[in-house]
Amino acid sequence: MRDCGIARDLLPLYQEGMLSPDSVEFLEEHLRTCPACRAEREKLAAGPVPPEEKTEKAPELERVRQKLRRQRRRTAILAVCLALALATALFARLTERHYFPEPKGVVSVVSEPGSGGKVLRFAGNVTGAEVSYQKAEGGGSAVFLSVWWTEWDRLFGNTLSEMPAPAGNAVYFSPNNGTDDILLWGRDQAPGGGVISLPRLALAYYAALALAALAVLGILALALRKRKCGPWLRRAALVPAVYLLGELLVLGVNTVSYSLARDFALILVTALFLYPALLLADVIRTERQRRKLPETL
């Protein structure tokens, strides 16, 4: 036991190569016959990491891993939201209706043999048609026919060949471009002037309201940026901003619409995908500014 005590005192010097030849001979002779001292020498040779270093580095590494996982989740969500917004805008552009400006070479009226009824037949590049009714003078009705094509239908080869002819006192072809509707058959309901199918202008008013709201919220967010409400005002300003961006992606700079319900719904869907993307971008920007703040003080 006395030799074990001496041997363990010599082990650190043995590891450093600082023992005399006699001491080395004594220690190696003892290690050949003492398993406990051999285990102690192996433990010293392994050089274990001090416990305090382990306890300091483990939480730090875990924080780094959590931060990387959070950044990956945010990046994935941001990418998905932007992709969905762009996909919705692309779908809106592909399904946008391009109206034919005149009936010549586009639609013809054919009488069905035997029945006496009429059928509308369309050219091969027509992909859709729609009729709307209005009360006419004398208690009758006026019918307005719109004919269009879309990139989406042409891409998949969808065409419209014929449809039953509408019944009314007068049937008009609507160019949907601000010019007079063209009488196809029946008694003209406006002999003194043309009938015009007007576009809906509501989207222009919505865009003006969104622009005004963005200006007000932007000014408030800038003036109160150092207050607690500053970040909330900035994120509230994103709501009209994404609506304007959605309208720009869906319609471009044009704010008139002949399909108001469809266009407005697609704008809202695009904006709903854009909002979380811009919100995440704002959160990431804010966190980066906070990390840089101590360096500038």
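Just so it is clear, the model here is predicted, and its values are computed rather than measured.

Quick word on the side chain of His-30
Alright, step 1. Residue placement: His-30 occurs in helix α2 (residues 21-33).
Alright, step 2. When its relative accessible area of 10% is taken as the criterion, His-30 is described as buried.
Alright, step 3. Aside from chain neighbours lying at most four places away, what touches His-30 is Asp-3, Cys-4, Ala-7 and Cys-37.

Some words on the packing of α2 against helix α3 (residues 35-46)
Alright, step 1. Relative orientation of the contacting elements α2 and α3 amounts to 115°, with a least axis distance of 6 Å. In terms of axis orientation, α2 runs roughly perpendicular to α3. When you trace α2 past α3, the crossing you get is left-handed. On the side of α2, the interface is formed by His-30, Leu-31, Arg-32 and Thr-33, while α3 contributes Pro-35, Cys-37, Arg-38 and Arg-41.

Notes on the packing of aromatic side chains
Alright, step 1. A complete count under the given rule lists 7 aromatic pairs for this structure.
Alright, step 2. Measuring from centroid to centroid gives 5.3 Å for Phe-144 and Tyr-172, while their planes differ by 15°, and the two rings are stacked. Taken together, the positions of Phe-144 in strand β5 (residues 141-149) and Tyr-172 in strand β7 (residues 170-173) put the pair 28 residues apart, joining distant regions of the chain.
Alright, step 3. A centroid spacing of 6.4 Å and a plane angle of 55° characterise the contact between Tyr-243 and Phe-264, whose relative ring orientation is tilted. Within this pair, whereas Tyr-243 is found in helix α8 (residues 238-251), its partner Phe-264 is found in helix α9 (residues 260-296), the two being separated by 21 residues in sequence.

Observations concerning the pattern of salt bridges
Alright, step 1. Within this structure, the stated rule accounts for 6 salt bridges.
Alright, step 2. As a salt-bridge pair, Glu-162 and Arg-121 come within 3.4 Å of each other at their nearest N and O atoms. Highlighted residues: Glu-162 in strand β6 (residues 162-164) and Arg-121 in strand β3 (residues 118-122), separated in sequence by 41 residues.
Alright, step 3. Overall, the relative accessible area of 42% leaves Glu-162 in the partly exposed class.
Alright, step 4. Looking at Arg-121, the relative accessible area reads 42%, which means it is partly exposed.
Alright, step 5. As a salt-bridge pair, Arg-235 and Asp-282 come within 3.0 Å of each other at their nearest N and O atoms. Placement of the pair is Arg-235 in helix α7 (residues 230-236) and Asp-282 in helix α9, with a sequence separation of 47 residues.
Alright, step 6. A residue is classified by how much of its surface remains accessible, and Asp-282, at 8% relative accessible area, is buried.

Let's talk about the environment of Asn-125
Alright, step 1. With respect to the helices, strands and loops of the structure, Asn-125 is situated in the loop between β3 and β4 (128-135).
Alright, step 2. Taking C-alpha positions, Asn-125 is 9.2 Å from Ser-161, a pair spaced 36 residues apart along the chain.
Alright, step 3. If near-sequence neighbours (up to four positions away) are discounted, Asn-125 is found in contact with Phe-100, Trp-149 and Arg-154.

Here's the deal with the nonpolar core
Alright, step 1. Counting residues in hydrophobic clusters, the biggest one holds 15 residues, and the most contacted among them are Phe-100, Leu-120, Phe-122 and Val-147.
Alright, step 2. Residue assignment for this core shows that the elements contributing at least two residues are β3, β5 and β7.
Alright, step 3. Ranked by residues supplied to this core, first place goes to β5 with 4 residues.
Alright, step 4. Contacts of Phe-100, omitting those with residues within four sequence positions, involve Val-106, Asn-125, Val-126, Val-147, Trp-148, Trp-149, Phe-173, Ser-174 and Pro-175.

Topic: the side chain of Glu-247
Alright, step 1. Mapping Glu-247 onto the fold places it in helix α8.
Alright, step 2. Look at Glu-247: it is buried, it has no salt bridge, and the nearest opposite charge is Arg-93 at 11 Å.
Alright, step 3. With residues up to four places along the chain from it excluded, the contact list for Glu-247 reads Leu-203, Ala-207, Gly-252, Thr-255 and Ile-267.

Description of the confidence of the model for the protein
Alright, step 1. For the protein, mean pLDDT is 84; residues scoring 70 or higher make up 89% of the total.
Alright, step 2. Ranking the helices and strands of the protein by mean pLDDT puts α8 first, with 93, and helix α1 (residues 2-16) last, with 79.

Here we look at the sheet that holds β3
Alright, step 1. Ordered in space as β2-β3-β6, the 3 strands form an open sheet in which the pairing is antiparallel. Bordering the open sheet on either side are β2 (107-111) and β6, each of which pairs with just one other strand. If you compare each strand with its neighbour and ignore which way they point, the axes differ by 30° on average.
Alright, step 2. As judged from the 5 bridges shared by β2 and β3, these two strands associate in the antiparallel manner. Bridging from a neighbouring strand, Val-110 pairs with Val-119 of β3.

What counts as what
- Residues numbered from 1 in each chain as written.
- Predicted model: local features only at pLDDT ≥ 70, side-chain atom pairs only at ≥ 80, totals over all residues.
- Heavy atoms only, no water.
- Helix = DSSP H or I, 4+ residues; strand = E, 2+ residues; numbered from the N terminus.
- Buried < 20%, exposed > 50% of the residue type's maximum accessible area, 1.4 Å probe, protein only.
- Contact = heavy atoms within 4.5 Å.
- Axes fitted to C-alpha atoms, helices over the stretch in contact; angles between N-to-C directions.
- Parallel < 35°, antiparallel > 145°, perpendicular 65-115°, else oblique.
- Left-handed = near helix turned anticlockwise from the far one by under 90°.
- Phe/Tyr/Trp six-rings, centres within 6.5 Å; stacked < 30°, edge-to-face > 60°.
- Salt bridge = Lys/Arg side-chain N within 4 Å of Asp/Glu carboxyl O.
- Core = buried A, V, L, I, M, F, W, Y, C linked by side-chain atoms within 4.5 Å.
- Lys, Arg positive; Asp, Glu negative; His and termini not counted.
- pLDDT = per-residue confidence, 0-100.
- Pairing = 2+ DSSP bridges.

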